[in-house]
Number of protein chains: 2
Amino acid sequence: MTSENTRTRLLAAARHLFALQSFAGTSLQMIADRLGVTKAAVYHHFKTRDEILEAVLEPALDEMRALIADAEAQRGFTARADRMLTGFVELTVRHRDLILLLANDPGVGNALRSSEDVADLLARPADLLARDRLDPADRVRASVALAGIATSAGSVLLTDVDDETLRATLIDTGRRILGLRRRPAH
Amino acid sequence: MTSENTRTRLLAAARHLFALQSFAGTSLQMIADRLGVTKAAVYHHFKTRDEILEAVLEPALDEMRALIADAEAQRGFTARADRMLTGFVELTVRHRDLILLLANDPGVGNALRSSEDVADLLARPADLLARDRLDPADRVRASVALAGIATSAGSVLLTDVDDETLRATLIDTGRRILGLRRRPAH
């Protein structure tokens, strides 16, 4: 088994265990046990649990960065806001399990807060969704849309709602909040 | 100074310090210092920091319980949902500082989670705001409204927005999400 392969399997095992029994409740030893490798093998790839968490989140954060860049490249408020909104819903629904983990695991919040550009990643979408970035009401609406979508995608009360219903409802609700029309067919 | 008086002043000092320097960063000794009393005097009223937090939150939780009961007593979905929505916005805006504290202080989340009926207090409003409690899309909309309102009321990005603008925008946005008309004048 290649080292790259082990790393990938490690991350999958970690994500599974974090979701199952929380970040705080998962040790490097448990991850090793699940993969049937030694703790030293885990340690070869990651020195701390925080490093594993960052690696688990990294793909989603990369998608978020790419989405923001794509939305910022659109022309006009409506195109920018609609790209940001629909992309944000798709991203949050695809990573429902991660958000559930982040929202319900205080240890994760701590680890994330100390992370580099996460605060910026959360602030820029709000700018893209506010029709007038200086208007308080527009900023409040952008905040309601983003927080409402992210929290609902990761809500323990909605785990029985299927992805497609969740996605369609969140996009429609977001457009309602922001006063965006449905995007015309191209 | 009466004992009741000390308790009230203790809670005010604790709330101030929690908001200023986080729950985790506030010790019983700091609270005593701020009031100019001994730690023993604090200890006479509260044995742990968790007990103080519960006492700080209790008035807001009581208001929430009363609001839910009032909303449930209304006749028909629209009246119930509108009472729940407007009351929830008023409550969250009035307690912005507490929500900011809850949202940004992982220690508080831990302390709260172990608390009695808090989960129930968060689930019942969602039922009141869903036109059809069994319809997934209606449940998602109720979740977006509640999470969006609570998170925005306590958002660090919106601390410069005045209470009245915040309140009016949140009520209007909530009605938009839930498809409620403005309440007719009586």
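The numbering scheme is per chain: residues are counted from 1 as the chain's sequence reads. Starting at A for chains and at 1 for ligands, labels are handed out in the order in which the entities are written. Whole-chain, interface and lining totals are the exception, using all residues; otherwise, since this is a predicted model, local features are given only for residues with pLDDT of at least 70 and side-chain atom pairs are given and counted only at 80 or more.

Q: A description of the interface of chain A and chain B should follow, citing residues and the corresponding values.
A: By a frequent convention, interface size equals the accessible area lost on bringing the separate parts together. Counting from both sides, the interface comprises 29 residues of chain A and, opposite them, 29 residues of chain B. When contributions to the side of chain A that touches chain B are tallied by element, the ones reaching two or more residues are α7 (106-113), α8 (118-129), α9 (136-153) and α10 (163-178) of chain A. What counts as a helix is a DSSP run of H or I of at least four residues, what counts as a strand is a run of E of at least two, and both are numbered from the N terminus. A total of 13 residues in the side of chain A that touches chain B trace back to one element, the largest contributor, which is α9 of chain A. Counted by class, the side of chain A that touches chain B contains 16 nonpolar, ten polar and three charged residues. The contact criterion used is a C-beta to C-beta distance within 7 Å, with each C-beta placed from the backbone. Under the convention adopted here, Pro, Cys and the residues Ala, Val, Leu, Ile, Met, Phe, Trp and Tyr are nonpolar, Asp, Glu, Lys and Arg are charged, and Gly plus all remaining residues are polar.

Q: So what about the nonpolar core? Which residues, and what values?
A: Counting residues in hydrophobic clusters, the biggest one holds 92 residues, and the most contacted among them are L85 and L129 of chain A together with L85 and L129 of chain B. Apart from the residues lying within four places of it in its own chain, the contact partners of L129 of chain B are A81, M84, L85, A142, A145, L146 and L178 of chain B. To count as a nonpolar core, a set of buried Ala, Val, Leu, Ile, Met, Phe, Trp, Tyr and Cys residues must be joined through C-beta atoms within 7 Å. Three exposure classes are used, all based on how many other C-beta atoms lie within 10 Å of a residue's own C-beta (placed from the backbone): buried at 20 or more, exposed at 12 or fewer, and partly exposed between those limits.

Q: Any details on helix α5 (residues 77-94) of chain A? Residues and values, ideally.
A: Residue and element names in this part refer to chain A. By this rule the span expected of a helix is its residue count minus one, scaled by 1.5 Å. The end-to-end C-alpha distance of α5, which contains 18 residues, comes to 25 Å, matching closely the 26 Å that a straight helix rising 1.5 Å per residue would cover. For α5, the set of buried residues is A81, D82, M84, L85, F88, V89, T92 and V93. For α5, the angular spread of the buried residues around the axis is 165°, confining them to a single face. What the arc measures is the spread of directions leading from the helix axis to the C-beta atoms.

Q: Tell me about the relation of the copies chain A and chain B, residues and numbers included.
A: Superposing chain A onto chain B requires a rotation of 180° together with a translation of 0.0 Å along the rotation axis, leaving an RMSD of 0.0 Å. What we have between these two chains is a two-fold relation. Every residue of chain A has its C-alpha some distance from the rotation axis, and the shortest such distance is that of G148 of chain A, at 2.0 Å. Of all interface residues in chain A, 100% are interface residues in chain B too; the two copies therefore contact each other through one and the same surface. When the copies are superposed, the least-squares fit draws on C-alpha atoms of residues that have pLDDT of at least 70 in both.

Remember that the coordinates give geometry; whether it matters functionally is a separate question.
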